Amino acid sequence: MISDFLKAIGQIGDPRFTRVLGLGLGLTIGLLFIFTLGFAWTVGLIVPDSFALPWIGEITWIDNALSLAIVPLMLALSVFLMVPVASAFTGLFLDQVVDAVEANHYPNEPPVQPLAISEAVWESLRFLAILLGANIVALVLYFTPLAPFVFYGLNGFLLGREYASLVAQRRLGALGARSFLKQNRGAIWISGIIMAIPLTIPVLNLFVPILGVATFTHLFHRLNRN
């Protein structure tokens, strides 16, 4: 499994990898920028230009102060939002990462039919919802001494199943992918935990979708061959 991960890192400079990363980050930054502008505009509509308080008098600066405070607030939130949103956008293009890995390391494999755009969008949104929902449910445990074990165990399980399923379905179909996951659940979970570790490292966490799919492409071919 470590070997699979190191092979993925060794290909990180591949133009097909960097293209997917650039597309994902570009779409993410654009979405966060639009969201920030929309949020500031909404606050400007809701908060009155001025209002009066007893013993103080008329207040005319609240709306301007809130509008200015929204920008640093959204920049701070973007640190947390960037990873799941970028993962979701990057997920739209992960077929290209698998193709790049297979072209370099498994050139004798027959070609496969890529996911339709609609299916890729659905899978990406579904995984984003599961990732966010599971972490929100586990949020209480993140304030206990068990936090590291819960975070790595939970996200390792989710990442492992998602990436293994994505790669396996290309070659084995839905039923074959479920069988592959069932037979190799231990190896898939451990590999998912290896992928979850970089999630806690700023900037490096943005490479997790690409490294994850590349690693699981190697893992799939190794385990399926065995």
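Scroll up to find the structure this text is about.
Let me sum up the structure you'll find in this document. (Residues numbered from 1 in each chain as written. Predicted model: local features only at pLDDT ≥ 70, side-chain atom pairs only at ≥ 80, totals over all residues. Heavy atoms only, no water.)

**With respect to the packing of aromatic side chains**
When we look at a pair of aromatic rings, we describe it by the centre distance and by the angle of the planes. Here is the rule we go by: Each Phe, Tyr or Trp ring (for Trp, its six-membered ring) is paired with any other whose centre lies within 6.5 Å, and the angle between the two planes then decides the class: stacked below 30 degrees, edge-to-face above 60, tilted in between. Runs of H or I in DSSP of at least four residues are treated as helices and runs of E of at least two as strands, each being numbered from the N terminus. Note on exposure labels: buried denotes an accessible area under 20% of the residue type's maximum, exposed denotes more than 50%, and partly exposed covers the range between, all computed with a 1.4 Å probe on protein chains only.
Under the defined criterion, the tally for this structure stands at four aromatic pairs. Ring centres of Phe 157 and Trp 189 lie 5.8 Å apart, and the angle between their planes is 75°; this geometry places the pair in the edge-to-face category. Of the two residues, Phe 157 is situated in helix α6 (residues 147–183) and Trp 189 in helix α7 (residues 185–196); the sequence distance between them amounts to 32 residues. Measuring from centroid to centroid gives 5.1 Å for Phe 180 and Phe 220, while their planes differ by 65°, and the two rings are edge-to-face. Here Phe 180, found in helix α6, pairs with Phe 220, found in helix α8 (residues 208–225); they are 40 residues apart in sequence, far enough to count as distant. Residue Phe 180 shares its accessibility class with Phe 220, and that shared class is buried.

**Remarks on the nonpolar core**
The condition is simple: Take the buried Ala, Val, Leu, Ile, Met, Phe, Trp, Tyr and Cys residues and link them wherever side-chain atoms come within 4.5 Å; each set so joined is a nonpolar core. Residues count as neighbours in contact if any of their non-hydrogen atoms are within 4.5 Å of one another.
By size, the foremost hydrophobic cluster in this structure holds 39 residues, and its most contacted members are Val 97, Leu 159, Phe 180, Val 213 and Phe 216. For this core, the secondary structure elements donating two or more residues are α1 (2–10), α2 (15–46), α4 (94–105), α5 (117–137), α6, α7 and α8. With ten residues, α6 is the single largest residue contributor to this core. Sequence-distant contacts of Val 213, defined by excluding residues within four places in its chain, comprise Leu 94, Val 97, Val 98, Tyr 163, Leu 166 and Val 167.

**Digging into α1**
Convention followed: The arc in question is traced by the directions running from the helix axis to the C-beta atoms.
Turning to α1, its buried residues are Asp 4, Phe 5 and Ala 8. Seen from one end, α1 has its buried residues packed into an arc of 100°, which puts them on one side. Exposed residues lying more than 90 degrees from the buried face of α1 are Ile 2, Leu 6 and Gly 10.

**Description of α8**
Quick note on the threshold: Any helix carries an expected span of 1.5 Å times its number of residues minus one.
The terminal C-alpha atoms of α8 lie 25 Å apart, and with 18 residues this matches the ideal 26 Å at 1.5 Å per residue to within 8%. Within α8, 15 of the 18 residues are buried, which leaves the element mostly enclosed by the surrounding structure.

**Notes on the pattern of salt bridges**
Let me state the cut-off plainly: A pairing counts as a salt bridge when a side-chain nitrogen of Lys or Arg comes within 4 Å of a carboxyl oxygen of Asp or Glu.
Within the structure shown, the criterion is met by seven salt bridges. The salt bridge involving Asp 4 is made with Arg 222; its shortest N-O contact spans 2.7 Å. Placement of the pair is Asp 4 in helix α1 and Arg 222 in helix α8, with a sequence separation of 218 residues. Its salt-bridge partner being Arg 171, residue Glu 109 comes within 4.0 Å of it at the nearest N-O pair. Of the two residues, Glu 109 is situated in the loop between α4 and α5 and Arg 171 in helix α6; the sequence distance between them amounts to 62 residues. Under the relative-accessibility criterion, Arg 171 is labelled partly exposed at 21%.

**Looking at a nonpolar patch on the surface**
Just so we agree on the cut-off: Candidates for patches are residues over 30% relative accessible area with no salt bridge; among them, like charges are joined within 9 Å and nonpolar side chains (Val, Leu, Ile, Met, Phe, Trp, Tyr) within 5 Å. All accessibility values rest on the Shrake-Rupley procedure with a 1.4 Å probe; residue burial counts only the protein chains present in the view.
On the surface, Ile 2, Leu 6 and Ile 9 cluster together into a nonpolar patch covering about 280 Å² of accessible area. With respect to the helices and strands, Leu 6 occurs in helix α1.

**A closer look at the packing of α4 against α8**
Quick note on the threshold: Orientation is described by lines fitted to C-alpha atoms, with helices fitted over the stretch in contact, and by angles between N-to-C directions that extend from 0 to 180 degrees. Any angle that falls under 35 degrees is termed roughly parallel, while one over 145 is termed roughly antiparallel, one within 65 to 115 roughly perpendicular, and all others oblique. Crossing handedness follows the turn of the near helix against the far one: under a right angle anticlockwise gives a left-handed crossing, and clockwise gives a right-handed one. When residue character is reported, Ala, Val, Leu, Ile, Met, Phe, Trp, Tyr, Cys and Pro are called nonpolar, Asp, Glu, Lys and Arg charged, and the others, Gly included, polar.
The interhelical angle for the contact between α4 and α8, taken along N-to-C directions, is 45°, at an axis separation of 9 Å. Between α4 and α8, the angle is such that the two are oblique. The way α4 lies across α8 gives a crossing that is right-handed. Across from Leu 94, Val 97, Val 98, Val 101, Glu 102 and His 105 in α4, the residues of α8 making contact are Pro 209, Ile 210, Val 213, Ala 214, Thr 217, His 218 and His 221. For the contact of α4 with α8, the per-class residue count stands at eight nonpolar, four polar and one charged.

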